[in-house]
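Summary of structural features
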Amino acid sequence: MRSRQRVFGFVLSEPVADALGHGDPVVALESTIITHGLPRPENLQAALEFERTVAGAGAVPATIAMVDGLAHIGLDPDALERLAAAADALKLSARDLPIAMAQGASGGTTVAATALLASRAGIRVFATGGIGGVHRDAGSTFDESADLGILASCRITVISGGVKSILDIGATLERLESLSVTVLVFGTDRFPAFWLTDSGYSVDFPVTTADEIAQMMAAADTIGLPGGILVANPLPEAAQLDPALHDRLLRAGLEAAKAASVRGKEITPFLLDYIHEHTGRASVAVNLDIVRGNCRLGAEVARSWSVLQARSDRVQPTAG
Ligand code: PSU
Ligand code: MN
């Protein structure tokens, strides 16, 4: 096994520690998608493939997860395999991290937990699938993912497929505005609904290059914006899930969750499972496509960021 650096409750894998030390591009990857977002055994294959995709696009992948109370930034293949196989792995959001650390627990980290750990480790770019958001019944349940609050307070750029239509996308975009999270869509102004190319909502600022995103990260740092940047990267229409199938299953899935009285943190995994199962896994294939694309774009942004940082290190600020 490769040697590791242990710093407080963090373990950085050697390739990640090396890359961060040299200012080389690094892309964080979450692990709730492995433990709760994708069916086994595709989950392990997918996790390994996401890492290869990031590496193939010129950045070092840092899959983040909690293993026996230690926050791993960069998982070795053995640990990844164990996590993917563990049917009892916990779903750890940011507020669960201190508990898991003190109790020596293991689990997948959500977007919120991964973003927090990544930014603490000095990683600025994070690629994932869909992020959490405001649930459809949030008016009465107050169910809004912690992903939004963490995005508002961590300097990280999250490359995502947007927000799944199991959530209230309009309300999620409103909350992101309230929280001063910069929201961009890559290549278009139409905000995606994960499996679907167009959610019906648009953003003010489409972006077309990774360099532009890196410039915005630098600008956000300069003005001291406390939070992060959410980039939505839509699938081309030809690759999206059949919209009619999507609408039918969404209605049925929401009904099934209600009938089974699913609550709290179980809701997102329940709905994802339901939809994956009832599309004959067509939705899994679409899901994988989205994350692959985000891994590639994430690596590009991390590369642009690394070049920009190296350049600004050489430039002396001018007086006056
Ligand atoms: N959305 C997806 N796939 C996922 C998740 C969200 O399309 O796997 C996971 C992410 O880890 C996200 C978490 O951070 O679910 C959000 O859960 P909740 O809604 O309980 O905050
Ligand atoms: Mn919730």
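Residues numbered from 1 in each chain as written. Chains lettered and ligands numbered in written order. Predicted model: local features only at pLDDT ≥ 70, side-chain atom pairs only at ≥ 80, totals over all residues. Heavy atoms only, no water.

**Let's talk about the overall build of the protein chain**
- Within the protein chain, the regular secondary structure consists of 13 helices and 14 strands.
- In terms of overall dimensions, the protein chain is globule-like: its C-alpha atoms have a radius of gyration of 19 Å, near the 20 Å expected for 320 residues.
- Here the C-alpha coordinates of the protein chain stretch approximately 60 × 45 × 35 Å along the principal axes.
- Counting over 320 residues, the protein chain shows a buried share of 55%.
- Surface exposure of the protein chain reaches about 14400 Å², of which carbon and sulfur atoms provide 53%.
- Averaging the coordinates of the 26 positive side-chain charges in the protein chain and doing the same for the 36 negative ones gives two points 3 Å apart. (Helix = DSSP H or I, 4+ residues; strand = E, 2+ residues; numbered from the N terminus. Rg over C-alpha atoms; globule rule 2.2 N^0.38 Å. Buried < 20%, exposed > 50% of the residue type's maximum accessible area, 1.4 Å probe, protein only. Areas by Shrake-Rupley, 256 points an atom, 1.4 Å probe, with all protein chains shown as cover. Lys, Arg positive; Asp, Glu negative; His and termini not counted. Charge placed at Lys NZ, Arg CZ, Asp CG, Glu CD.)

**Digging into the side chain of Glu51**
- Considering the arrangement of structural elements, one finds Glu51 in helix α3 (residues 42-56).
- The buried charged residue Glu51 lacks any salt bridge, with Arg52 as its nearest oppositely charged partner at 7.7 Å.
- A distance of 2.6 Å separates polar atoms of two side chains, one belonging to Glu51 and the other to Thr63.
- Those residues in contact with Glu51 that sit more than four places away from it in its chain are Leu29, Pro61, Thr63, Leu75 and Leu80. (Salt bridge = Lys/Arg side-chain N within 4 Å of Asp/Glu carboxyl O. Polar contact = N/O pair within 3.5 Å; in protein donor to acceptor, adjacent residues only side chain to side chain. Contact = heavy atoms within 4.5 Å.)

**What to know about the packing of aromatic side chains**
- One pass over the structure, following the stated rule, counts one aromatic pair.
- An angle of 85° between the planes, with centres 5.5 Å apart, marks the rings of Phe194 and Trp195 as edge-to-face. Residue Phe194 shares its accessibility class with Trp195, and that shared class is buried.
- Above the face of the Phe194 ring, Lys164 is positioned so that its terminal group lies 3.9 Å from the ring centre. (Phe/Tyr/Trp six-rings, centres within 6.5 Å; stacked < 30°, edge-to-face > 60°. Lys NZ or Arg CZ within 6 Å of the ring centre and 35° of its normal.)

**What to know about the pairing of strand β3 (residues 26-29)**
- What you see with β3 is no split at all: Val26 and Ala28 on one side and Val27 and Leu29 on the other are buried throughout.
- Pairing between β3 and strand β4 (residues 60-67): four bridges, direction parallel. Within β4, the position partnered with Ala28 by the bridge is Ala62.
- Pairing of β3 with strand β8 (residues 125-127) involves two bridges; the strand directions are parallel. Bridge pairing in β8 places Ala28 opposite Phe126. (Pairing = 2+ DSSP bridges.)

**Remarks on the domain arrangement of the protein chain**
- Domain boundaries assigned for the protein chain yield domain 1 (1-123) and domain 2 (130-313).
- Across the contact, 32 residues belong to domain 1 and 26 residues belong to domain 2.
- Between domain 1 and domain 2, a total of about 2300 Å² is buried, with carbon and sulfur atoms accounting for 69% of that surface.
- Here domain 1 and domain 2 share three salt bridges between them.
- There are six residue pairs in polar contact (both at pLDDT 80 or more) connecting domain 1 and domain 2.
- Looking at the side of domain 1 that touches domain 2, the elements with two or more residues in it are β3, α2 (32-37), α3 and α6 (111-120). (Domains from an automatic or database assignment. Buried area = accessible area lost by both parts, 1.4 Å probe.)

**Observations concerning a negative patch on the surface**
- A cluster of acidic residues, Glu174, Glu177, Asp189 and Asp204, forms a negative patch at the surface.
- Its relative accessible area of 33% is what places Asp189 among the partly exposed residues. (Patch = residues over 30% accessible without salt bridge, like charges linked within 9 Å, V, L, I, M, F, W, Y side chains within 5 Å.)

**Observations concerning the nonpolar core**
- Core analysis: the largest hydrophobic core is formed by 67 residues, its most contacted members being Ile73, Ile123, Ile131, Leu176, Phe191 and Leu230.
- Of the residues forming this core, the biggest block, six residues, is contributed by α6.
- Not counting chain neighbours up to four residues away, the residues in contact with Ile123 comprise Val16, Leu20, Val26, Ala28, Ala62, Ile73, Ala118 and Ile156.
- Ala57, Ala59, Ala79 and Leu308 belong to the second largest nonpolar core, which has 40 residues in total. (Core = buried A, V, L, I, M, F, W, Y, C linked by side-chain atoms within 4.5 Å.)

**Considering unusual backbone geometry**
- Put simply, Arg40 and Pro41 share a cis peptide bond, and its omega is 0°.
- Along the chain, Pro41 turns up in the loop between α2 and α3.
- Not every positive phi belongs to a glycine, and Phe142 is a case in point at roughly 60°.

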